[in-house]
Amino acid sequence: MDLVKSMMVAASGLKAQSGRMRIIAENIANADSTGKTAGADPYRRKIPTFQDRLDRTIGADTVQLGRPMLDQSEFQLKYMPGHPAADANGYVKTPNVNGLVEAVDMREAQRSYEANLNLIQASRRMISQTIEILKK
């Protein structure tokens, strides 16, 4: 039944978006971290990736979370001469995480999650209504 297929595809989208939100939350949680030693690199922002996968049991393409990529953009430098991670000039490398970018990404992931959830709920209602019609 095509409705079941659509529910399975949407469920894979739910799982992928959930993983995406987990990566974004990790980025936000580490936005203020620094290296442990002088001149050490801090947390590097992760970028979620997705892969399509053919699910042979349902005969449809599904989506799954791929291996996250590391954002290669430059770290910011803050002048904090007393910090344990400060270099010889008193600068500390801070993560390449931008809170605004993460907030926008999180909102997009939430909307995608909600869209997949709405699809599953609509499919369930249609299946239930079909069963009710067939009972009569």
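1. Describing the overall build of the protein
Part 1 of the reasoning: Across its full length, the protein holds 2 helices and 6 strands.
Part 2 of the reasoning: Ordering the α and β elements of the protein from the N terminus gives α-β-β-β-β-β-β-α.
Part 3 of the reasoning: For a compact globule of 136 residues, the expected C-alpha radius of gyration is about 14 Å, and the protein comes in at 22 Å, more than 25% above that figure.
Part 4 of the reasoning: Based on the C-alpha atoms only, the size of the protein along its principal axes is roughly 80 × 25 × 20 Å.
Part 5 of the reasoning: Contacts in the protein between residues at least 24 apart in sequence constitute 61% of all its contacts with a sequence separation of at least 6.
Part 6 of the reasoning: For the protein, the accessible area works out to roughly 9,100 Å², and carbon and sulfur atoms hold 55% of it.
Part 7 of the reasoning: Taking the average location of the 19 positive side-chain charges in the protein and that of its 15 negative ones, the two points are 7 Å from each other.

2. A closer look at the side chain of D71
Part 1 of the reasoning: Inspection of the secondary structure puts D71 in the loop between β4 (69–70) and β5 (76–79).
Part 2 of the reasoning: Those residues within four positions of D71 in sequence are excluded, and the remaining contacts are R44, R45, I47 and N96.

3. Points about the nonpolar core
Part 1 of the reasoning: L3, M7, A10, L14, I120 and I127 form the largest nonpolar core, which has 6 residues in total.
Part 2 of the reasoning: Counting residues per element, the ones that place at least two in this core are α1 (2–29) and α2 (99–135).
Part 3 of the reasoning: Here the element with the most residues in this core is α1; it accounts for 4 residues.
Part 4 of the reasoning: Sequence-distant contacts of L3, that is, excluding residues within four places in its chain, are made with S123, M126 and I127.

4. Quick word on the confidence of the model for the protein
Part 1 of the reasoning: Confidence in the prediction of the protein, expressed as mean pLDDT, is 93, and 99% of residues score 70 or more.
Part 2 of the reasoning: Element-level pLDDT for the protein is lowest in β5, with a mean of 92, against a maximum mean of 98 in strand β1 (residues 46–47).

5. A few points about a nonpolar patch on the surface
Part 1 of the reasoning: Among the surface-exposed residues, L77, Y79 and Y91 lie close enough to one another that they form a single nonpolar patch of about 350 Å² accessible area.
Part 2 of the reasoning: In this structure, L77 sits in strand β5.
Part 3 of the reasoning: Relative accessible area serves as the criterion here: at 55%, L77 is assigned to the exposed category.

6. Examining the packing of α1 against α2
Part 1 of the reasoning: Here α1 crosses α2 at 160 degrees, and the two axes come no closer than 8 Å. Classified by the interaxial angle, the pair formed by α1 and α2 is roughly antiparallel. Crossing angle aside, the handedness with which α1 passes α2 is left-handed.
Part 2 of the reasoning: By residue class, the composition of the contact of α1 with α2 is 18 nonpolar, 9 polar and 5 charged.

7. Some remarks on the environment of G13
Part 1 of the reasoning: Note that G13 resides in helix α1.
Part 2 of the reasoning: Between the alpha carbons of G13 and Q51 there is a distance of 11 Å; along the sequence they are 38 residues apart.
Part 3 of the reasoning: Other than its neighbours up to four places away in sequence, G13 contacts V63 and N116.

8. Considering the side chain of N27
Part 1 of the reasoning: Tracing the backbone shows N27 in helix α1.
Part 2 of the reasoning: Judged by its relative accessible area of 0%, N27 is buried.
Part 3 of the reasoning: Look past the residues within four positions of N27 in its chain and what remains in contact with it is Y43, R45, K46, V97 and E102.

Quick notes on the rules
- Residues numbered from 1 in each chain as written.
- Predicted model: local features only at pLDDT ≥ 70, side-chain atom pairs only at ≥ 80, totals over all residues.
- Heavy atoms only, no water.
- Helix = DSSP H or I, 4+ residues; strand = E, 2+ residues; numbered from the N terminus.
- Rg over C-alpha atoms; globule rule 2.2 N^0.38 Å.
- Contact = heavy atoms within 4.5 Å.
- Areas by Shrake-Rupley, 256 points an atom, 1.4 Å probe, with all protein chains shown as cover.
- Lys, Arg positive; Asp, Glu negative; His and termini not counted.
- Charge placed at Lys NZ, Arg CZ, Asp CG, Glu CD.
- Core = buried A, V, L, I, M, F, W, Y, C linked by side-chain atoms within 4.5 Å.
- Buried < 20%, exposed > 50% of the residue type's maximum accessible area, 1.4 Å probe, protein only.
- pLDDT = per-residue confidence, 0-100.
- Patch = residues over 30% accessible without salt bridge, like charges linked within 9 Å, V, L, I, M, F, W, Y side chains within 5 Å.
- Salt bridge = Lys/Arg side-chain N within 4 Å of Asp/Glu carboxyl O.
- Axes fitted to C-alpha atoms, helices over the stretch in contact; angles between N-to-C directions.
- Parallel < 35°, antiparallel > 145°, perpendicular 65-115°, else oblique.
- Left-handed = near helix turned anticlockwise from the far one by under 90°.
- Nonpolar A, V, L, I, M, F, W, Y, C, P; charged D, E, K, R; others polar.

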